[in-house]
Amino acid sequence: MATMTAAQRREQARVEYDAFLRGCPTNQLLGRLSDKWVSLVVAALSAGPLRYSDLGRRIAGVSPKMLTQTLRTLERDGILSRTVTPSVPVRVDYELTPLGRSLAVLLTAVKDWAETHFEEVREARERYDSENPE
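Let me sum up the structure you'll find in this document. (Residues numbered from 1 in each chain as written. Predicted model: local features only at pLDDT ≥ 70, side-chain atom pairs only at ≥ 80, totals over all residues. Heavy atoms only, no water.)

Here's the deal with the pattern of salt bridges
Operational definition: The term salt bridge refers to a side-chain nitrogen of Lys or Arg lying within 4 Å of a carboxyl oxygen of Asp or Glu.
Using the criterion set out here, one finds 7 salt bridges in the structure. The network of salt bridges with common partners includes Lys111, Asp112 and Glu115.

Below you can see the structure in the form of structure tokens.
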């Protein structure tokens, strides 16, 4: 049996990922990426770097705690980078990494789809609710 290089082992493991399995790390990643705050932060940053306060204003309804948690998670996952500029007050900017920009294409498309098709969804909900009273 031939030995495999580290790169070959990584490639084999990548091929063996199965997001349909609860214990698979890709399943957990999909759970994180499906969070609405993640989608909105990534979509907001797709236009370019923003400061923390600008993100908070851009994303209506996000609490400071949730925004901070979301930003830390995305930084940990390599989706965005955080740049601190020493000044008074300290300036903190967030920007998508190349990995984050590739994700932004998908999440922005989902956001755009929701904005475009919401009336159809609303009508379907009303139709369903009228046909299926509780």
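From this point on, the discussion continues.
Topic: the pairing of strand 2 (residues 80-85)
In plain terms, the rule: In this analysis, strands are considered paired if DSSP registers two or more bridges between them. Where helices and strands are cited, they refer to DSSP runs of H or I of at least four residues and of E of at least two residues respectively, numbered from the N terminus.
In this sheet, strand 3 (residues 91-96) lies alongside strand 2 in antiparallel orientation, the contact comprising 6 bridges. Within strand 3, the residue paired with Thr83 across the bridge is Asp93. Between strand 2 and strand 3, which pair antiparallel and follow one another directly, the connecting turn spans 5 residues.

Regarding helix 5 (residues 64-76)
Three or four residues apart is the spacing at which side chains of an α-helix point the same way, because the helix has 3.6 residues per turn. The condition is simple: How far a helix is expected to stretch is found by multiplying one less than its residue total by 1.5 Å. Classification of residues uses two cut-offs on accessible area relative to the type maximum, computed with a 1.4 Å probe and protein chains only: under 20% is buried, over 50% is exposed, and between them is partly exposed. Read the arc as the range of directions from the helix axis to the C-beta atoms. Here, two residues are considered to be in contact whenever any of their heavy atoms come within 4.5 Å of each other.
With 13 residues, helix 5 should reach 18 Å at 1.5 Å per residue; the first-to-last C-alpha distance of 18 Å fits that figure. Those residues of helix 5 that fall on the buried side of the exposure criterion are Leu67, Thr70, Leu71 and Leu74. One face of helix 5 carries all of its buried residues, which in axial projection span an arc of 100°. For helix 5, the exposed residues lying more than 90 degrees away from the buried face are Lys65, Arg72 and Arg76. Here the buried face of helix 5 lies against helix 3 (36-45), helix 4 (52-58), strand 2 and strand 3.

Digging into helix 6 (residues 98-131)
Using the following cut-off: Bend, at a single residue, is the angle you get between axes fitted to the 7 residues ending at that residue and the 7 residues starting at it.
A rise of 1.5 Å per residue sets the reference length of helix 6, with its 34 residues, at 50 Å; its end C-alpha atoms lie 47 Å apart and thus fit the reference within 8%. Along its length, helix 6 reaches its greatest deviation from straightness, about 60°, at His117. Taken together, the buried positions of helix 6 are Gly100, Leu103, Ala104, Leu107 and Thr108. On its buried face, helix 6 sits against helix 2 (25-33), helix 3 and strand 3.

Overview of the sheet that holds strand 3
Rules: For helices, the axis comes from a line fit to the C-alpha atoms of the stretch in contact; other axes are also lines fit to C-alpha atoms, and the angle between any two N-to-C directions lies between 0 and 180 degrees.
Judged by pairing direction, the sheet is antiparallel, and its 3 strands sit side by side in the order 1-3-2 without closing on themselves. Here the strands that pair on one side only, and so sit at the sheet edges, are strand 1 (50-51) and strand 2. Along the sheet, helix 3 makes contact with strand 1, strand 2 and strand 3, crossing strand 3 at roughly 95°.

None of the figures reported here should be taken as evidence of function without further support.
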